Amino acid sequence: MDEGHNLSAFSRSLSASSLRGRLTKLTGAPLRPVAALHANIDFVPTKIPRKRRLQMMVVAVWSVMIVICCFVFLMLCSIPALWPFLIMYLIWISCIDKSPVYGNRLSPWFRSLKIWRYFADYYPASLLKECDLPADRPYVFGYHPHGIIGMGALATFATEATGFSKAFPEIKPHLLTLTNNFNVPLYREIIMALGISSVSRESCSNILSRGAGQAITIVVGGAAESLSARPGTADLTLKRRLGFIKVAIQHGADLVPVFSFGENDIYNQMPNEKGTTIYALQKKFQSMFGFTLPLFHGRGLLNYNLGLMPYRRRIVSVIGRPIHVQRCEKPPLEEVERVQRMYIEELTRIWNAYKDEFAKTRLRELSIVD
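About the criteria used
Residues numbered from 1 in each chain as written. Predicted model: local features only at pLDDT ≥ 70, side-chain atom pairs only at ≥ 80, totals over all residues. Heavy atoms only, no water. Phe/Tyr/Trp six-rings, centres within 6.5 Å; stacked < 30°, edge-to-face > 60°. Helix = DSSP H or I, 4+ residues; strand = E, 2+ residues; numbered from the N terminus. Buried < 20%, exposed > 50% of the residue type's maximum accessible area, 1.4 Å probe, protein only. Pairing = 2+ DSSP bridges. Contact = heavy atoms within 4.5 Å. Axes fitted to C-alpha atoms, helices over the stretch in contact; angles between N-to-C directions. Right-handed = clockwise from strand over helix to strand, strands pointing away. Salt bridge = Lys/Arg side-chain N within 4 Å of Asp/Glu carboxyl O. Parallel < 35°, antiparallel > 145°, perpendicular 65-115°, else oblique. Nonpolar A, V, L, I, M, F, W, Y, C, P; charged D, E, K, R; others polar. pLDDT = per-residue confidence, 0-100. Core = buried A, V, L, I, M, F, W, Y, C linked by side-chain atoms within 4.5 Å. Expected span 1.5 Å × (residues − 1).

Enquirer: Just to check I follow, could you spell out the packing of aromatic side chains for this structure?
Expert: Both the distance between ring centres and the angle between the ring planes are used here to describe each pair of aromatic rings. The tally for this structure, following the rule as stated, stands at 22 aromatic pairs. Summarising the aromatic geometry, the rings of Trp62 and Trp116 are spaced 5.7 Å apart at their centres and angled 85° between planes, so their arrangement reads as edge-to-face. Residue Trp62 is located in helix 3 (residues 50-63), and its partner Trp116 is located in helix 7 (residues 114-121); the two are separated by 54 residues in the primary sequence. With a relative accessible area of 12%, Trp62 lands in the buried category. The exposure class of Trp116 is buried, given its relative accessible area of 4%.

This is how it looks when you write it as structure tokens:
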């Protein structure tokens, strides 16, 4: 009887211990992913200088500016009293206003607002001038690389945050972007005030035809190059890009290569090598809509490694030496290719001259692809 009682007590004790162990494992298991996620996320400290918070706010607002403008316009549409004005505005956008292809809405005051200084200081973005550019002729700036969004191009050529007008007085820059951006109500007014114009051939011709001191900036690689934008790399889509060179020759505009060190470093992109399903879908999307959607990520508002905000990584836009061209309305292919070779040589020289200073963490050297 005593032996049975002791055995029964021992069994109960063993069962209780096992149960406690199993309950501990069960209660601990759900917490492991949360703990791991918390351990891997580098959260922003609570005490951050006010200036850095303002920089973050300006970049965050600009990153979603199209969404904000669409939301505001829809809110205005909810007010019946405004409908006549909104209808007239839409008609004006679609049928009357030709400013996107003339670049005549640039506002020096708006480009010089302090908010753009916060925008540039976030990375920080800066401009490095190699030589003076006389304002007695038009210019075509070729910007490389495209990056995911082209934040360095915006800071350098669409604002005065990096001191473009001080570096090149009397030259009026016009950063070119997709024509579809000018179909977004309100947003179009903001980018036109920054001097941004349509990247269409008509727009290039209209601006350069105004003569001395006019300049356009073309992000040459376009959507195709954005798919290869990764930190530590510089793969430029350039070999078959002859259109901007032909435009420059037709208007007697000097070509100025610009290499933006750090543009590819502000976002990480998911693997999408050629031959993968993701790459095929992105190219299909590009062929249908004229732009593509890189699958990228950066940091967040409250952390340093998870979100859609760009990383705080330095961007230095080196503006190289101009390539003088002779004006010719119908340049032969041989002349266009000759100028392209000179352009690539100058772009390569810029890379070799500054890579050890501004691209110390590069994974490979400059590569010119299709």
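Enquirer: Mind showing me how you'd approach the sheet that holds strand 4 (residues 197-198) here?
Expert: Working definition: the strands of a sheet are paired by backbone hydrogen bonds and lie parallel or antiparallel to each other. If you walk across this open sheet you meet the 7 strands as 1-10-7-2-5-3-4, and the pairing is mixed. Both outer strands of the open sheet, strand 1 (125-129) and strand 4, are each paired with one neighbouring strand and no more. One ladder, built from 2 bridges, connects strand 3 (residues 172-177) with strand 4; its direction is parallel. Considered in strand 4, the bridge of Thr177 is made with Ser198. Contacts between helix 11 (residues 201-208) and the sheet are confined to strand 2 (139-144), strand 3, strand 4 and strand 5 (214-219), with strand 5 contributing the most and set at about 155° to the helix.

Enquirer: Please clarify how the environment of Gly195 should be interpreted in this entry.
Expert: Among the secondary structure elements, Gly195 is positioned in the loop between helix 10 (187-193) and strand 4. With relative accessibility at 2%, the residue Gly195 sits in the buried group. Separated by 87 residues in the primary sequence, Gly195 and Pro108 have C-alpha atoms spaced 8.7 Å apart. Every residue in contact with Gly195, bar those within four places of it in the chain, is listed here: Leu106, Pro173, His174 and Leu175.

Enquirer: Sorry if this is basic, but what is going on with the pairing of strand 3 here?
Expert: Every other side chain in a regular strand lies on the same face of the sheet, so the side chains alternate between the two faces. Where strand 3 meets strand 5, 4 bridges bridge the pair, whose relative direction is parallel. Looking across to strand 5, one finds that Leu175 is bridged to Thr217. Handedness of the crossover joining strand 3 and strand 4 through helix 10 is recorded here as right-handed.

Enquirer: Any chance you could explain the pattern of salt bridges here in plain terms?
Expert: In a structure, side chains of opposite charge can pair up when their charged atoms sit close to one another. Taken as a whole and assessed by the stated rule, the structure comprises 16 salt bridges. A salt bridge links Arg105 to Glu189; the shortest N-O distance between them is 2.4 Å. In this pair, Arg105 is assigned in the loop between helix 5 (83-96) and helix 6 (108-111) and Glu189 in helix 10, connecting sequence segments 84 residues apart. Among the residues examined, Glu189 registers a relative accessible area of 22% and is labelled partly exposed. We note a salt bridge from Asp132 to Lys129, for which the minimum N-O separation is 2.7 Å. Assessed through its relative accessible area of 57%, Asp132 is described here as exposed. When salt bridges with common partners are traced through the structure, they connect Asp97, Arg105, Arg188 and Glu189 into a single cluster.

Enquirer: Quick question: what am I supposed to make of the packing of helix 3 against helix 7 here?
Expert: Relative placement of two packed helices is described by the angle separating their axes and the distance separating the axes. Between helix 3 and helix 7, whose axes approach to 8 Å, the crossing angle comes to 95°. On the basis of the axis angle, helix 3 is roughly perpendicular to helix 7. Note on element contacts: helix 7 touches helix 3 through Ile115, Trp116, Tyr118, Phe119 and Asp121, opposite Lys51, Leu54, Gln55, Val58, Val59 and Trp62. Class assignment for the residues of the contact of helix 3 with helix 7 results in 8 nonpolar, 1 polar and 2 charged.

Enquirer: Hey, could you run me through the confidence of the model for the protein chain in this one?
Expert: For any part of a model where pLDDT is low, the fine detail of the predicted coordinates should not be relied upon. For the protein chain, per-residue confidence averages 88 on the pLDDT scale, and 89% of positions sit at 70 or higher. Confidence over residues 33-37 falls short of pLDDT 50; this stretch has 0 contacts with residues more than four positions distant or in other chains.

Enquirer: Looking at this structure, how should I read the nonpolar core?
Expert: Nonpolar side chains in soluble globular proteins generally cluster together in the buried interior. Core analysis: the largest hydrophobic core is formed by 52 residues, its most contacted members being Trp62, Phe119, Tyr123, Phe141 and Ile319. Discounting residues that sit within four places of it in the chain, Phe119 has contacts with Val58, Val59, Trp62, Met151, Leu154 and Ala155. Among the nonpolar cores identified, the runner-up in size contains 35 residues, and Val318, Tyr354, Phe358 and Leu366 belong to it.

Enquirer: When you look at helix 3 in this model, what are you seeing that I'm missing?
Expert: Residues three or four positions apart in an α-helix share a direction because the helix packs 3.6 residues into each turn. For helix 3, spanning 14 residues, the distance from its first C-alpha to its last is 20 Å, which sits close to the expected 20 Å at 1.5 Å a residue. Taken together, the buried positions of helix 3 are occupied by Leu54, Gln55, Met56, Val58, Val59, Ala60 and Trp62. The secondary structure elements touched by the buried residues of helix 3 are helix 4 (65-77), helix 7, helix 8 (151-157) and helix 10.

Enquirer: For this particular structure, what's the right way to read unusual backbone geometry?
Expert: Trans peptide bonds make up the majority, and among non-glycine residues the majority have a negative phi. Here the amide bond leading from Tyr123 into Pro124 is cis, since omega sits at 0°, within 30 degrees of zero. Turning to its location among the elements, Pro124 is positioned in the loop between helix 7 and strand 1. The peptide bond linking His144 to Pro145 adopts the cis configuration, its omega dihedral lying at -15°. Mapped onto the elements, Pro145 comes out in the loop between strand 2 and helix 8. A positive phi angle, near 70°, is found at Glu170, a position not held by glycine. Topologically, Glu170 is positioned in the loop between helix 9 (164-167) and strand 3. Not every positive phi belongs to a glycine, and Leu186 is a case in point at roughly 70°. What makes Leu186 partly exposed here is its relative accessible area of 26%.

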